[in-house]
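Report on the structure
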Amino acid sequence: MISEKMQAAFCDQINKELYSEYLYLSMKAYFLNLNLNGFATWMDVQVQEEHAHAMGMFDYVIERGGKVELHSIDKPETNWESPLEVFRAVLKHEEYVTSRINALMDVAEEERDRAATIFLNWYLKEQVEEEANVGGVLAQLEMIGDDKSGLFALDKELGARTFVAPVIG
Ligand code: OFO
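Structure report, in brief. Predicted model, so just to flag it, every value in this text is computed and none were measured.

1. What about the packing of aromatic side chains?
Within this structure, the stated rule accounts for eleven aromatic pairs. Taken together, a centroid distance of 5.3 Å and an interplanar angle of 75° make the contact between Tyr 30 and Phe 31 edge-to-face. Among the residues examined, Phe 31 registers a relative accessible area of 0% and is labelled buried. An aromatic cluster is built from Tyr 30, Phe 31, Phe 39, Trp 42, Trp 80 and Phe 87, whose rings are joined through pairwise contacts.

In structure tokens form, the structure reads like this:
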């Protein structure tokens, strides 16, 4: 059985993962409006990943005999100055999420909930990967600067990304 404190911390994180899904959906809309369809595809994969992250925790809480309480999702940003600004915002957001997963780990340790700690290891590793992926795209955008042909080449590259359902836990 999961403790009340651990359950509340997971429900809070489910909300943050769903907010991430919403934020990336908003970014997908931004890119579609710019006709940068490859960037939009990349964001769509991100949307699906965040949904999977939320559902992984959802299923875990239920499996441990807990109760999932959903909270309202904040309205995400809808506009950015450029693709570069979008990816700066993504990296900042992912760093924030990493700090929240670490805080969740702290609760698991305080509650001496070893199963939760083991479960959360997957999320920590995933955050390392996410930050590295986003950092890679950001570095490319910084190099491209105002070069439109570089932007279109990157759009083509990002459009090849496909969603692979993660095996969580
Ligand atoms: Fe759920 O990893 Fe991004 O936010």
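2. Some thoughts on a nonpolar patch on the surface
A cluster of nonpolar residues, Tyr 22, Leu 25 and Ile 73, forms a patch on the protein surface that exposes about 260 Å² of accessible area. Among the secondary structure elements, Leu 25 is positioned in helix 1 (residues 4-33).

3. Let's talk about the layout of surface pockets
Gaps between atoms show up when a probe of the same size as a water molecule is rolled over them. Of the voids in this model, the largest pocket is the one considered here, and its volume is about 270 Å³. Lining of the largest pocket is provided by 13 residues; of these, Ser 82, Pro 83, Gly 145, Asp 146 and Leu 151 occupy positions nearest its centre. Elements with a contribution of two residues or more to the lining of the largest pocket: helix 3 (83-110), helix 4 (114-144) and helix 5 (148-158). In terms of residue count, helix 5 provides more of the lining of the largest pocket than any other element does, three residues in total. Of the residues that constitute the lining of the largest pocket, the class distribution is eight nonpolar, two polar and three charged. The calculated volume of the second largest pocket comes to roughly 190 Å³. Considering the residues around the second largest pocket, the lining is formed by Trp 42, Gln 46, Glu 49, Glu 126, Glu 129, Glu 130, Asn 133, Val 134, Val 137, Arg 161, Val 164 and Pro 166. If you list the elements that add at least two residues to the lining of the second largest pocket, you get helix 2 (37-63) and helix 4. Here the lining of the second largest pocket gets six residues from one element, more than from any other, and that element is helix 4. Looking at the lining of the second largest pocket residue by residue, the class counts come to five nonpolar, two polar and five charged.

Each value, and the rule that gives it
Per chain, the residues get numbers from 1 upward, laid out in the order the sequence is written. This being a predicted model, a pLDDT of at least 70 is required before a residue's local features are given, and a value of 80 or more before pairs of side-chain atoms are given or counted; all residues contribute to the totals for chains, interfaces and linings. Hydrogens and water molecules were not included; the side-chain quantities draw on all heavy atoms of the structure. Each Phe, Tyr or Trp ring, with Trp reduced to its six-membered ring, pairs with another whose centre is within 6.5 Å; inter-plane angles below 30 degrees give stacked pairs, above 60 give edge-to-face pairs, and intermediate values give tilted ones. Here's how the labels work: a residue is buried when its accessible area is under 20% of the maximum for its type, exposed when over 50%, partly exposed in between, all with a 1.4 Å probe on protein chains only. Nonpolar side chains (Val, Leu, Ile, Met, Phe, Trp, Tyr) within 5 Å and like charges within 9 Å form the patches, drawn only from residues with over 30% relative accessible area and no salt bridge. Surface accessibility in these figures is a Shrake-Rupley result with a 1.4 Å probe; residues are shielded only by whichever protein chains are displayed. Within this document, salt bridges are pairs made up of a side-chain nitrogen of Lys or Arg and a carboxyl oxygen of Asp or Glu, the two lying within 4 Å of each other. Per the convention used, a helix needs a DSSP run of H or I reaching at least four residues, while a strand needs a run of E reaching at least two, with both numbered from the N terminus. The pocket and cavity definitions rest on a 1 Å grid over protein atoms only: a 1.4 Å probe that fits but cannot leave marks a cavity, an open set with protein on both sides within 12 Å along at least five of seven lines marks a pocket, and residues lining either have an atom within 4 Å of a point. Grid points are joined across faces, edges and corners, and a volume is the space filled by probe spheres set on the points. Under the convention adopted here, Pro, Cys and the residues Ala, Val, Leu, Ile, Met, Phe, Trp and Tyr are nonpolar, Asp, Glu, Lys and Arg are charged, and Gly plus all remaining residues are polar.

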